[in-house]
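# Fold and contact review
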Amino acid sequence: MNDMHDPSDITTGVLADEAAIVAAAHALREQTVALLSELVTHPSLLGHEQSAQRLVADTFESMGLQVDEFQIDEEKLKQHPAYSPSIVSYDGRTNVVGIHRPSGPFKGQSLIFNGHIDVVPTGAEVLWTGSPFSGRVEGDRLYGRGASDMKAGIVAYTMAYRALKSIGLEPASPVYFQSVIEEECTGNGALACLVAGYRADAAVIPEPIAENGVMTCQMGVIWLAIEVLGKPVHASVAQTGVGAIDFALYLFGELKKLEEKWNAPSARYRSFAHHQHPVNFNLGKITGGEWASSVPSSCRADIRLGFYPDRKVTQVKQEVEALLAAAYEAHPAHAALTYRVLYEGFQADGCHVPDDAPIVTAIADSHFDVVGKKLTTTAFTGTTDCKFFNLYGETPAICYGPSGGANIHGIDEWVSIDSVMQTTAVLAVFMARWCGVNRLQAQAAQDAVPAARPALHSV
Ligand SMILES: [Zn+2]
């Protein structure tokens, strides 16, 4: 289907029929499943995002959006306080932004939809049922790495726009549809959009955070690596050496005491007061040693630390480094060992948008009117690209996305197709309200029905 319209066919000032918008979104179910399934078959792991980005760029172009595709200028990003040290080269890897500029008068507020195209590693493929990138559909579920986190979100905002255009409407203010790389380890893709100058009155990231929830608060996250050099000896006299792997595990054990301290009720940031376990330190990867008969000479431990949004990366680093230094001194064999701390990947502060911010109430109202359920604000114990918009972009940002998914970052990740369709409908109504709409004349006669806000969920 070609959604392009002749700009000369514009009339203005006609209210959207929101029930028709919801119906138009649901009418795109087949196309939505097809696009999501295809997108999942592109294995857009870190450093391999490009074929998926090509599909997104082509899709944007086919909907009449202007496409801005650009590579990340890392030297420029390094000047920005929110830069996180990258772990792979940016050569040949691009962000894609689909730009909508109204053909008629500007009436409402501008908007950014942002989603990340990169997916996390699959883990041991033997644990998966079939290929991790199959994109297969079983009943209401679409399976594959990235299906839920968060290709479904990218497809939902894409189809929301298509739904408006399919009934002869267009947003009456600029909308930027961002598909960015590298959210899962640095966020430098979204940061590059910010540095390129993209701003709006609000940003929505359709991450799969919580059912009937809008995420307004998120933790800070730091990635650090501890590199240890030990004292290698023959395994037959292992007691005379000091194993680098053992020492790395010892240091991580000491770090876990800090995690416990920050999880104590009295130490908590208010948004996490009732959370089960908000602060998580994860030893995600450990590499080291030579073979079974030598006490290991070296080891590297890659660790992820979460921390509350009222603290800063610099403070956390100081506290962690002081703890590690004290743990080192306290170890009886420390004279035979050295260690150093490296920071690669996330160096991300947390953030918190007020519950009464216009973007929060606008999303909540649209969700209620379309779904018939109250949306609650939630706090996330991880990080998302919201931080860049909120902390550095003067663009209030929240996460609201498909909720019926499971196993993100785990095995047999899936997303509920009903949930994707529901999100598409809500985002379409929200976009029409937030941006206003212009009516394309060719459709004006058949769609000139007054707005019908209440009871949309009965449609
Ligand atoms: Zn995500």
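Residues numbered from 1 in each chain as written. Predicted model: local features only at pLDDT ≥ 70, side-chain atom pairs only at ≥ 80, totals over all residues. Heavy atoms only, no water.

## Describing the overall build of the protein
Within the protein one finds 12 helices and 21 strands. In terms of overall dimensions, the protein is globule-like: its C-alpha atoms have a radius of gyration of 24 Å, near the 23 Å expected for 459 residues. Over its C-alpha atoms, taken along the principal directions, the protein stretches across nearly 90 × 45 × 40 Å. Per-residue burial for the protein yields a buried fraction of 56% across its 459 residues. Nonlocal contacts in the protein, meaning residues at least 24 apart in sequence, comprise 83% of its contacts between residues at least 6 apart. (Helix = DSSP H or I, 4+ residues; strand = E, 2+ residues; numbered from the N terminus. Rg over C-alpha atoms; globule rule 2.2 N^0.38 Å. Buried < 20%, exposed > 50% of the residue type's maximum accessible area, 1.4 Å probe, protein only. Contact = heavy atoms within 4.5 Å.)

## What to know about helix H7 (residues 244-263)
Taking 1.5 Å as the rise per residue, H7 with 20 residues should run 28 Å; its terminal C-alpha atoms sit 29 Å apart, in good agreement. Burial in H7 covers these residues: Ala 244, Phe 247, Ala 248, Leu 251, Phe 252, Glu 254, Leu 255, Leu 258, Glu 259, Trp 262 and Asn 263. In this structure, the buried residues of H7 make contact with strand E11 (220-229), strand E12 (281-288), strand E13 (298-307), helix H8 (313-330) and strand E14 (338-342). (Expected span 1.5 Å × (residues − 1).)

## A few points about the pairing of strand E21 (residues 437-440)
Here E21 shows a buried face lined by Val 437 and Arg 439 and a second buried face lined by Asn 438 and Leu 440. By the bridge criterion, 3 bridges tie strand E7 (residues 169-171) to E21 in an arrangement that is antiparallel. Following the sheet pairing, Pro 171 is matched in E21 by Val 437. (Pairing = 2+ DSSP bridges.)

## Some remarks on the domain arrangement of the protein
Domain boundaries in the protein define domain 1 (7-218 + 351-458) and domain 2 (220-348). Taken together, the 19 residues of domain 1 in the interface contact 17 residues of domain 2. Together, the buried faces of domain 1 and domain 2 total about 1300 Å²; carbon and sulfur atoms form 64% of this surface. Contact with domain 2 buries area across many residues of domain 1, yet Pro 85, His 352 and Thr 381 alone supply 34% of it, more than any other trio. Taken together, the connections running from domain 1 to domain 2 amount to 5 residue pairs in polar contact (both at pLDDT 80 or more). (Domains from an automatic or database assignment. Buried area = accessible area lost by both parts, 1.4 Å probe. Polar contact = N/O pair within 3.5 Å; in protein donor to acceptor, adjacent residues only side chain to side chain.)

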